[in-house]
Amino acid sequence: MDVERLQRLANAVRTGGKGSVRRKKKAAHKVTSGDDTRLQNCLRRMQVNTIPGIEEVNIFQGENVIHFANPKVQASAPANTYVVSGVSQSKALQDILPGVLNQLGPENLASLKKMAEQYSKSVE
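Visitor: Requested: an account of the sheet that holds strand β4 (residues 72-76), with residues and values cited.
Guide: The strands that make up a sheet pair up through hydrogen bonds in the backbone, lying either parallel or antiparallel. One open sheet accounts for three strands, arranged β1-β4-β5; its pairing is antiparallel. Whereas interior strands pair on both sides, the edge strands pair on one side only; in this sheet they are β1 (49-51) and β5 (81-85). Taking the axes of each pair of neighbouring strands and ignoring which way they run, one obtains an average angle of 30° across the sheet. Pairing analysis gives three bridges linking β1 to β4, with the strands arranged antiparallel. Looking across to β4, one finds that Thr50 is bridged to Gln74.

Visitor: Could you give an account of the sheet that holds strand β6 (residues 88-92), naming the residues involved and the relevant values?
Guide: Read from one edge of the open sheet, three strands run β2-β3-β6, paired in antiparallel fashion. In this open sheet, the two edge strands, each paired with only one partner strand, are β2 (56-61) and β6. The mean inter-strand angle of the sheet, taken between neighbouring strand axes irrespective of direction, is 25°. In the sheet, strand β3 (residues 64-69) pairs with β6 via five bridges, with the strands oriented antiparallel.

Criteria and cut-off values
- Residues numbered from 1 in each chain as written.
- Predicted model: local features only at pLDDT ≥ 70, side-chain atom pairs only at ≥ 80, totals over all residues.
- Heavy atoms only, no water.
- Pairing = 2+ DSSP bridges.
- Helix = DSSP H or I, 4+ residues; strand = E, 2+ residues; numbered from the N terminus.
- Axes fitted to C-alpha atoms, helices over the stretch in contact; angles between N-to-C directions.

Next comes the structure, spelled out in structure tokens:
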């Protein structure tokens with residue numbers, strides 16, 4: 001090995017200035033999520049309870065649906081608060097339509113009829 005290469009390697013592992021201890025690897029600092037701990041503390045104060053056995057949650061927003069598969073659902077009846085956490089996917093209503101017909105309310109049925117009319121016009 002030549003001297004230049006050794007100096008480059010030595011400079012790469014030095015974490016401080018001249019005369020400081022060399023380390024083999026720089027320590028990666030963990031990112032603390034303060035918001036998550038504060039949220040959990042607030043939920044604990046509101047006495048939310050976990051609701052077991054929920055396989056999916058669909059949140060309808062006009063033409064789009066936010067779909068949670070196997071979410072963690074917590075609820076507090078006195079505070080009228082529901083917490084749904086987990087991996088979510090944003091989907092169009094047409095993509096999940098056959099499986100969610102029994103979950104649609106009267107306001108969503110109107111938009112469903114409108115989509116059906118648009119689809120029939122586009123086919124013709």
